[in-house]
Amino acid sequence: MWEGLGLQVFLMCLSVAVCSHASAPFEHSHHRRLSMQRHRERGKEGQVLHRSKRGWVWNQFFVIEEYTGPDPVLVGRLHSDVDAGDGTIKYILSGEGAGTIFVIDDKTGNIHATKTLDREEQAQYTLTAQAVDRDTNKPLEPPSEFIVKVQDINDNPPQFLYGPYHATVPENSNVGTSVIQVTASDADDPTYGNSAKLVYSILEGQPYFSVEPQTGIIRTALPNMDREARQEFNVVIQAKDMGGHMGGLSGTTKVTITLTDVNDNPPKFPQSVYTMSVSENAVPGEEVGRIKAKDPDLGENGLVSYRLIDEDKFGNFEITTDSQTREAVLKLRKPVDYETKRDYILRVEASNLHLDPRFMSNGPYKDTATVKVKVEDANEPPVFKHPNYILEVEENSPAGTVVGRVHAEDTDAAKVPINYLIDRHTDLEKYFSINSEDGIIRTTRPLDRELMPWHNISVTAFETDSHDFEQKAKAHVAIKVKDVNDNAPEFATQYETFVCENTPAGKLIQTISAVDKDEMSIRQHLRFSIAPEASNNQNFTLRNNRDNTANIYLSRKGFSRQTQDLFLLPIEISDNGNPSLSSTNTLTIRVCGCDSDGTVLSCNAEPHILPAGLSTGALIAILACIVILLVIVVLFVALRRQKKEPLIVFEEEDVRENIITYDDEGGGEEDTEAFDIATLQNPDGANGFLPRKDIKPEMQYPLRPGVRPVPNSVDVDDFIKTRISDADNDPTAPPYDSIQIYGYEGRGSIAGSLSSLESATTDSDLDYDYLQSWGPRFKKLADLYGTKDPADNDDS
């Protein structure tokens, strides 16, 4: 520190001395030029001379930067030859910094710097000096420019403008490999002294890296630097000015250097032998285990692929690579069986996908490991000896006949006994049974081949002591029902033959064929013959064609419908089975009238009599429908006759909100109160309890005391009041009104019928004056039908 300060003081003193020395010659030279000019003018006083004023010639002034002394720095002195020293000359300074940074003594011409100057801010100043008359301010000399240069000192340290730096270099690079170049800058004047001359050196990072002093290029200094051992280095670089000599200023920067990866490490299994296990129940594709080879390299340099070498001859396993974890995944390719092979030994190889030729000499970039796979025993389901069975049994065999046997066994080492059962979904009719212990299948009833020639059932086998119902096996059993000759042959269809009355003898009238429900082999044939009971038949003959058909011929001519229009010919058909079976079938032959060409014109056969398009079955169906309709109509009429009065039996509906339509005369507009008038409909019901028509009573109530049979001549008004009271006090009636329909006007009344319709259609002259005694309810009726108006008699 003191050395730097002393140097600065020395340089400042030196600059002052230089400036003073430079200004003295300037003054002397200038003064001499002015004196020589005046001398020439005096030597020619008698002559008129025209001379041009010469300008001042200035040298450069220098001032040292960063001067911090107590007095202003003398930059230089201006002096003119016309200055006699009497103070009549005035010196003026103008230009950059004049009056602020630089001031001039207008009498002596001395120029001083009043402020500390910084060369890095402004390196030079251009000023203009002029001498004028103090009194008149007229220029005595033309203005002249001069430059004040700021002299540099070493006051700026070097700086790294782009630090800190980050760089990479591949691991295992050769010594001297360029890593990065760092550059520092110095604000001092590079053209003056060594203030800006920089030298680089490394402060931290040895012995791994070095730096070139002049260029700042950082290079590797050690060989075989391993990224896996150390990946990152922090290097500190220093730049020093003054050529690196003592007293120079310096600056530092940090450089972070990272070693990049190269494929210089082969993959390596952590262990040489691995042990795994797999259940014999495992399905193909199931994972057995995982192993991984370690590779410290990064990215694609660390990618590892796996494969099986010396694979077992069975090929039960395969290996793949997990793209995420880079593990070797051992999977099952084919099922394994504990009872067949219990151990597998595999060799797995791991190798790099991307190799670097520079490091191939280090050895093979691969590694191997041994994998021992142990097969674990599992409780496997039983296994049938055959997955499909075909058994046979004769039809009509008695129940309990042995059909065959299925067999399954436990493949496990325990050899557990096996039980059997038939899946009843495949034998809904339960034709068969199976012995649960030995698997023997028997019939439960005789079988009919013609009904079902094949039976397909499923048999399930499971271990006796197994609680796992999924551990079972199934076998398909197809049972063929063998045929026996238990069906006699019969007509292939119902034949109905027609014979013309004029057909000659020997004519073929029908070819018949037969079928046998039993199996017919190639050698089997059917025999046809006329039944023994018709062997004396003189009308028809039969010829066996020996191809399971027969022809029927006429034995005579001259058939007549009037004599006999229908012939029934019994034909016996037999097979050649063991034993042989036969049946008698009837051939119907009708006699018809034909024309000369043999075309049937008419006959008594039903198909020709019935209308076209209608068969016997259709006619029967039509007749049945007609009968059913008639029965329905009769029942409906009978029910209508029995039902004299509609019943209101709505249990939950309020009948007050219903509109009842009735087509009788009723009681008029004033008949709006709901009461039971069953007595008016049936006088015999006046005695005893009167049930309601709109509800169904739960129990019967006896006749209340005080209620006596009402005679036929009872007063109607009292009768109605009595019935209203009975209806209101009836415990079986709900508290709502009901509208009753009554179609019986009563019998035994002296009034007879009260129907207004009847009155309008008859010429009755009955006297209705007695209506006046029926009370106020019949007043209108009495007015209408009571005493006749005399005017009416006059009109009549």
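Residues numbered from 1 in each chain as written. Predicted model: local features only at pLDDT ≥ 70, side-chain atom pairs only at ≥ 80, totals over all residues. Heavy atoms only, no water.

Things to note about the overall build of the protein
Rule in force here: We count a stretch as a helix when DSSP gives it H or I for four or more residues in a row; a strand needs E for two or more, and each element gets its number in order from the N terminus. Only protein chains enter the area calculation, which uses a 1.4 Å probe; residues under 20% of their type maximum are buried, those over 50% are exposed, and those in between are partly exposed. Throughout, a residue-residue contact means that at least one pair of heavy atoms, one from each residue, lies within 4.5 Å. Methods summary: accessible areas were calculated by the Shrake-Rupley approach with a probe of 1.4 Å, and residue burial reflects only the protein chains presented.
Helix and strand counts for the protein come out as 8 helices and 39 strands. Of all 796 residues assigned to the protein, the portion counted as buried reaches 35%. Expressed as a percentage of contacts within the protein between residues at least 6 apart in sequence, the contacts between residues at least 24 apart total 67%. As presented, the protein carries roughly 48500 Å² of accessible surface, and 52% of it is formed by carbon and sulfur atoms.

Details of the sheet that holds strand 5 (residues 110-113)
Our working rule: Any two strands with at least two DSSP-identified bridges between them are counted as paired. Axis geometry follows a simple rule: fit a line to the C-alpha atoms, using only the stretch in contact for helices, then measure angles between N-to-C directions, giving values from 0 to 180 degrees.
Reading across the sheet, the 3 strands line up as 2-5-4 and stay open at both edges, with antiparallel pairing between neighbours. Looking at which strands have only one partner, the edges of the open sheet turn out to be strand 2 (73-77) and strand 4 (102-104). Going across the sheet, the axis of each strand differs from the next one's by a mean of 25°, ignoring polarity. Of the strand pairs in this sheet, strand 2 and strand 5 are connected by 4 bridges, and their pairing is antiparallel. Bridging across to strand 5, Val73 finds its partner in Ala113.

Considerations on the nonpolar core
Side chains that are nonpolar tend, in soluble globular proteins, to be buried together. So the rule is basically this: By nonpolar core is meant a set of buried Ala, Val, Leu, Ile, Met, Phe, Trp, Tyr and Cys residues that side-chain atoms within 4.5 Å join together.
The biggest cluster of nonpolar side chains holds 26 residues, and the ones touching the most others in it are Phe269, Tyr306, Phe317, Leu330, Val371 and Val373. At the level of secondary structure, the elements contributing two or more residues to this core comprise strand 15 (273-279), strand 16 (287-291), strand 17 (304-309), strand 18 (317-321), strand 19 (328-332), strand 20 (343-352) and strand 21 (366-376). Phe384, Tyr389, Ile441 and Val459 belong to the second-largest nonpolar core, a separate cluster that totals 23 residues.

A few points about the state of the cysteines
Here a disulfide denotes one covalent bond, and it connects the sulfur atoms of two cysteines. Applied cut-off: By disulfide we mean two sulfur atoms from cysteines, separated by a distance within 2.5 Å.
Inspection of the entire model under this criterion finds 1 disulfide. The disulfide that involves Cys500 links it to Cys594, with 1.9 Å between the sulfurs. Since a negative S-S torsion denotes a left-handed disulfide, the Cys500-Cys594 link at about -80° is left-handed. A residue pair is termed long-range when its members are at least 10 positions apart, and Cys500 in strand 32 (residues 496-500) and Cys594 in strand 38 (residues 582-594) qualify at 94 residues. This pair shows no difference in class: Cys500 is buried, exactly as Cys594 is.

Description of the packing of aromatic side chains
Spelled out, the test is: Working definition: rings of Phe, Tyr and Trp (its six-membered ring) pair if their centres are within 6.5 Å, and the pair is stacked with planes under 30 degrees apart, edge-to-face with planes over 60 apart, and tilted otherwise. In our convention, an over-ring charge means Lys NZ or Arg CZ found within 6 Å of a ring centre and within 35 degrees of that ring's normal.
The full count for this structure, using the stated rule, is 13 aromatic pairs. For the pair Phe384 and Tyr420, a centre-to-centre distance of 6.4 Å together with 50° between the ring planes defines the contact as tilted. Taken together, the residues span a long stretch of sequence, with Phe384 in strand 22 (residues 383-384) and Tyr420 in strand 26 (residues 418-422) at a distance of 36 residues. Phe384 gets classed as buried once you look at its relative accessible area, which sits at 9%. Taking 5.5 Å as the distance between ring centres and 85° as the angle between the ring planes, the aromatic pair formed by Phe559 and Phe567 counts as edge-to-face. Each of the two residues, Phe559 as well as Phe567, counts as buried. Through a chain of ring-to-ring contacts, three or more aromatic side chains come together here, namely Tyr208, Phe209 and Phe233. One Lys or Arg, Lys341, reaches over the ring of Tyr344 and ends 5.1 Å from the middle of that ring. A cation over an aromatic ring shows up here: Arg556 above the ring of Phe559, its NZ or CZ 4.2 Å from the ring centre.

Details of a nonpolar patch on the surface
Applied cut-off: For patch building, the residue pool is restricted to those with more than 30% relative accessible area and no salt bridge; the joining distance is 9 Å between like charges and 5 Å between nonpolar side chains (Val, Leu, Ile, Met, Phe, Trp, Tyr). Whenever Lys or Arg places a side-chain nitrogen within 4 Å of a carboxyl oxygen from Asp or Glu, that contact is recorded as a salt bridge.
A contiguous nonpolar patch, built from Ile622, Leu623, Ile626 and Leu630 and spanning about 380 Å² of accessible area, is present on the exposed surface. Along the polypeptide, Ile626 turns up in helix 3 (residues 616-642). The exposure class assigned to Ile626 is partly exposed, which follows from its relative accessible area of 44%.

A word on the pattern of salt bridges
Within the structure shown, the criterion is met by 17 salt bridges. Of the charged contacts in the structure, one is a salt bridge between Arg219 and Glu212, with a shortest N-O distance of 2.9 Å. Here Arg561 ties to Glu501 by a salt bridge, and the two come within 3.5 Å at their closest N and O atoms. Within this pair, whereas Arg561 is found in the loop between strand 36 (549-554) and strand 37 (566-574), its partner Glu501 is found in the loop between strand 32 and strand 33 (508-515), the two being separated by 60 residues in sequence. Among the charged side chains, a salt-bridge network with shared partners connects Glu287, Arg290, Asp322 and Glu327.

Things to note about unusual backbone geometry
Cis geometry marks the peptide bond from Gly163 to Pro164; its omega dihedral reads -5°. Counting through the fold element by element, Pro164 comes out in the loop between strand 7 (144-151) and strand 8 (165-170). Non-glycine residue Asn137 carries a positive phi angle of around 60°. In this fold, Asn137 is placed in the loop between strand 6 (124-133) and strand 7. Residue Asn137 is classed as partly exposed on the basis of its relative accessible area, which comes to 47%. Residues other than glycine seldom take positive phi values, yet Asn172 does so here, at roughly 60°.

Some words on the side chain of Asn352
What counts is decided by this rule: Any N or O atom pair separated by 3.5 Å or less is treated as a polar contact, with the protein-specific requirement of one donor-capable and one acceptor-capable atom, and with residues adjacent in sequence counted only for side-chain atom pairs.
Within the secondary structure layout, Asn352 lies in strand 20. Looking at Asn352, the relative accessible area reads 8%, which means it is buried. At 3.2 Å, the side chain of Asn352 and the backbone oxygen of Leu303 are in polar contact. Each residue touching Asn352, except ones within four places of it in the same chain, is listed here: Asn263, Asn265, Pro266, Pro267, Asp295, Asn301, Gly302, Leu303, Val304 and Tyr365.

Overview of the sheet that holds strand 23 (residues 388-394)
Ordered by their spatial adjacency, 4 strands build an open sheet running 23-30-29-26, and the pairing between neighbours is mixed. Unpaired on one side and paired on the other, strand 23 and strand 26 mark the two borders of the sheet. Going across the sheet, the axis of each strand differs from the next one's by a mean of 30°, ignoring polarity. Where strand 29 (residues 454-463) and strand 30 (residues 472-482) come together, 9 bridges link them in antiparallel fashion. Of the residues in strand 30, the one forming a bridge with Phe462 is Lys472.

Things to note about the confidence of the model for the protein
Test applied: Known as pLDDT, the predictor's confidence for each residue is given on a scale from 0 to 100.
Per-residue confidence for the protein averages 77 on the pLDDT scale, and 74% of its residues sit at or above 70. Below pLDDT 50 for its whole length, residues 669-675 participates in 10 contacts with residues either more than four positions away or in separate chains. A low-confidence stretch, residues 757-764 (pLDDT under 50), is modelled with 3 contacts involving residues beyond four sequence positions or located in other chains.

Here we look at the environment of Asp71
Assignment of secondary structure puts Asp71 in the loop between strand 1 (61-64) and strand 2. Note on Asp71: relative accessible area 53%, which makes it exposed. Taking the C-alpha atoms as reference, Asp71 lies 10.0 Å from Lys115; in sequence the two are 44 residues apart.

Quick look at the environment of Pro143
Assignment of secondary structure puts Pro143 in the loop between strand 6 and strand 7. Once the C-alpha coordinates of Pro143 and Leu93 are considered, the two residues, 50 residues apart in sequence, prove to be 9.4 Å apart.

Some words on the environment of Phe209
Counting through the fold element by element, Phe209 comes out in strand 11 (residues 209-211). Distance from Phe209 to Leu222, taken between C-alpha atoms, is 7.1 Å for residues 13 residues apart in sequence. Ignoring sequence-local partners within four residues, the contact set of Phe209 consists of Val169, Val179, Ile202, Ile218, Arg219, Thr220, Ala221, Met225, Phe233, Val235 and Ile257.

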